[in-house]
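# An overview of the molecular structure
Read off the chains here:
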Amino acid sequence: MAKDAKDSYLVGLIGSGIGPSLSPALHEREADRLGLRYLYRLIDIEGLGVPPEAVGDLLRAARDLGFDGLNITHPCKQLVIEHLDVLAPQAEALGAVNTVVFEDGRSVGHNTDVTGFAASFARGLPDVPLERVVQLGAGGAGAAVAHAMLTLGAERVTVVDALADRAADLAAALNRHFGAGRAARAALDELPALLTHADGLVHATPTGMAAHPGLPLPAELLHPGLWVAEVVYRPLETELLRTARSLGCATLDGGGMAVFQAADAFRLFTGREPDSARMLADIAELADAVGTPSQ
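The text that follows walks through the structure, step by step, so that each part is easy to find. If you're wondering where the values come from, they're calculated on a predicted model, not measured in any experiment. (Residues numbered from 1 in each chain as written. Predicted model: local features only at pLDDT ≥ 70, side-chain atom pairs only at ≥ 80, totals over all residues. Heavy atoms only, no water.)

### Concerning the environment of Gly-200
To keep it simple, the criterion reads: Only DSSP runs of H or I reaching four residues or more are called helices, and only runs of E reaching two or more are called strands; each is numbered from the N terminus. Partly exposed describes any residue whose relative accessible area lies between the buried limit of under 20% and the exposed limit of over 50%, with all areas from a 1.4 Å probe on protein chains only and scaled to the type maximum. Any two residues whose heavy atoms approach within 4.5 Å at even a single point are treated as in contact.
By the element assignment, Gly-200 lies in strand S10 (residues 200–203). A relative accessible area of 0% means that Gly-200 is categorised as buried. C-alpha separation for the pair Gly-200 and Val-133, spaced 67 residues apart in sequence, amounts to 5.0 Å. In this structure Gly-200 touches Arg-132, Val-133, Val-134, Leu-226 and Trp-227, once residues within four positions along its chain are discounted.

Written as structure tokens, this is what we have:
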């Protein structure tokens, strides 16, 4: 049966500590509006008491139970790859998967974090300068948004992370994929000089989440000539965005990335076209709930 001929779907999310995830509500609300029967289940490895390496067993169990697909989040986005039959080009380039579709007896890995951030950025910060972009954070979300920024045409992305090796590894991977000189890594103590001359700042660390409040960098490093894009979406207005906006910076919250990656996953699961405008209204309503954000 073709995807778009079905009206009933079973999907889920594998990750750790995912109880507060907004993915079930985002997916199920849109499915209801499209007249679909759609169940979105959380498969929390922390609650199950199994290690991240169990993702392969969970993947096989989900397929055997008739799931149509799965979202994958921390700490399984890289570990799941060896258990998949096929990788979409973007997931292969990134070395991380956040969406798995079961089709024709195969498991196909995708990454909608990249496309989700790119769509959100193009919508929320159109026409901002992209010559010199500084990115704070080189983890899983950081890798996705750095790929997105270079895909959107950023001339150079400088990656800064508390773990120097992680920043260096990401910059090297970006240069291999996009060409030499498109990415660089820098130490935390170089941030003041970098931001003085930067066009924009992308923030991709957990700081600012409900469970990790605060600013990820000194407020005095921000200035009106800088645009600021955030990955955190719970709360939608982080202290970083509030501070940047008060200084006159153009800003982008993390809600758009959460919505557009979910919309892309929904499309992959169902073959239906979700209404991202309705889903953006959903996230505005849902995102202020207390909890730690996940996929």
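### Digging into the side chain of Asp-44
Quick reminder of the rule: For the charge count, each Lys or Arg is scored as positive and each Asp or Glu as negative, with His and the chain ends excluded. Basic side-chain nitrogens of Lys or Arg form a salt bridge, by our definition, when they fall within 4 Å of a carboxyl oxygen of Asp or Glu. Contacts described as polar in this section are N or O atom pairs within 3.5 Å, which, within protein, must combine one atom able to donate a hydrogen with one able to accept it, while residues neighboring in sequence count only if both atoms come from side chains.
Tracing the backbone shows Asp-44 in strand S2 (residues 37–44). Despite being buried, Asp-44 has no salt bridge partner; Arg-234 is the closest side chain of opposite charge, sitting 12 Å away. From its side chain, Asp-44 meets the backbone nitrogen of Ile-18 in a polar contact 3.2 Å long.

### Things to note about the layout of surface pockets
The following threshold applies: Within this scheme a cavity is a closed region of a 1 Å grid, computed over the protein atoms alone, that accommodates a 1.4 Å probe without allowing it to escape, whereas a pocket is open but has protein on both sides within 12 Å along at least five of seven lines; lining residues each have an atom within 4 Å of a point. Grid points are joined across faces, edges and corners, and a volume is the space filled by probe spheres set on the points. In this classification, Asp, Glu, Lys and Arg are treated as charged, Ala, Val, Leu, Ile, Met, Phe, Trp, Tyr, Cys and Pro as nonpolar, and every other residue, Gly included, as polar.
By volume, the largest pocket is sized at about 1200 Å³. Residue lining of the largest pocket: 47 residues in total, with His-74, Lys-77, Gly-139, Gly-140 and Ala-141 positioned closest to the centre. Elements with a minimum of two residues in the lining of the largest pocket: helix H4 (89–94), helix H6 (140–151), helix H7 (164–178) and helix H10 (255–270). Considering only residue class, the lining of the largest pocket consists of 24 nonpolar, 18 polar and 5 charged.

### Description of the side chain of His-147
Within the secondary structure, His-147 is located in helix H6. Engagement of the side chain of His-147 in a polar contact is seen with the backbone oxygen of Ala-143, the distance being 3.0 Å. When neighbours within four sequence positions are excluded, His-147 is seen to be in contact with Ala-93, Leu-94, Val-114, Leu-174, His-177 and Phe-178.

### Some words on helix H11 (residues 276–286)
Since the α-helix advances by 3.6 residues per turn, residues separated by three or four positions end up pointing in the same direction. Operational definition: The arc in question is the one spanned by the directions pointing from the helix axis to the C-beta atoms.
Met-279, Leu-280, Asp-282, Ile-283 and Leu-286 are the residues of H11 that are buried. Down the axis of H11, the smallest arc covering the buried residues is 155 degrees, so these residues share one side. Structural note: H11 exposes Ala-277 and Glu-285 on the side pointing more than 90 degrees away from its buried face. Elements that come into contact with the buried residues of H11 comprise helix H1 (23–33), helix H5 (112–124) and H10. Where H11 begins, one side-chain oxygen reaches toward the backbone nitrogen of Ala-277, 3.0 Å away; that side chain belongs to Asp-275.

### Examining the pattern of salt bridges
Per the counting criterion, the structure on display carries 17 salt bridges. The closest approach of N and O atoms between Asp-85 and Arg-63, which form a salt bridge, is 3.4 Å. Taken together, the residues span a long stretch of sequence, with Asp-85 in the loop between strand S3 (69–72) and strand S4 (86–87) and Arg-63 in helix H3 (residues 55–64) at a distance of 22 residues. Residue class for Asp-85 comes out partly exposed when judged on its relative accessible area of 46%.

### Structural notes on the environment of Asp-264
Inspection of the secondary structure puts Asp-264 in helix H10. Beyond its immediate chain neighbours, meaning those up to four positions away, Asp-264 contacts Thr-112, Thr-115 and Gly-116.

### So, the nonpolar core
This is how it is decided: Take the buried residues of types Ala, Val, Leu, Ile, Met, Phe, Trp, Tyr and Cys, join any two whose side-chain atoms come within 4.5 Å, and each joined set is a nonpolar core.
Grouped together as the largest cluster of nonpolar side chains are 33 residues, with contacts concentrated most on Phe-117, Phe-121, Met-149 and Trp-227. At 7 residues, H6 tops the list of elements feeding residues into this core.

### Concerning the packing of H5 against H6
Basically, it comes down to this: Axes, fitted as lines to C-alpha atoms, cover a helix only where it is in contact. Angles between the N-to-C directions of the axes lie from 0 to 180 degrees. Any angle from 65 to 115 degrees is called roughly perpendicular, while one under 35 is roughly parallel, one over 145 is roughly antiparallel, and all others are oblique. If you view the pair so one helix is near and one far, a crossing is left-handed when the near helix is turned anticlockwise from the far one by less than a right angle, and right-handed when it is turned clockwise.
Two elements in contact, H5 and H6, have axes whose closest approach is 8 Å; the angle formed by their N-to-C orientations is 55 degrees. One element, H5, and the other, H6, form an angle in the oblique class. The element H5 and its partner H6 pack so that their crossing is right-handed. Facing Asp-113, Val-114, Phe-117, Ala-118 and Phe-121 of H5, the residues of H6 in contact are Ala-144, Val-145, His-147, Ala-148 and Met-149. Its residues assigned to classes, the contact of H5 with H6 comprises 8 nonpolar, 1 polar and 1 charged.

### Here we look at the sheet that holds strand S6 (residues 106–110)
Stated precisely, the cut-off is as follows: By the convention used here, strands pair only if DSSP detects at least 2 bridges between them.
Spatially, the 6 strands line up as an open sheet ordered S2-S1-S3-S5-S6-S4, and their pairing is mixed. Both outer strands of the open sheet, S2 and S4, are each paired with one neighbouring strand and no more. Two elements, strand S5 (residues 99–103) and S6, share 5 bridges in a ladder whose sense is antiparallel. Of the residues in S6, the one forming a bridge with Thr-99 is His-110. Sitting on the sheet, H3 touches strand S1 (8–15), S2, S3, S5 and S6, and the angle it makes with S5 is about 40 degrees.

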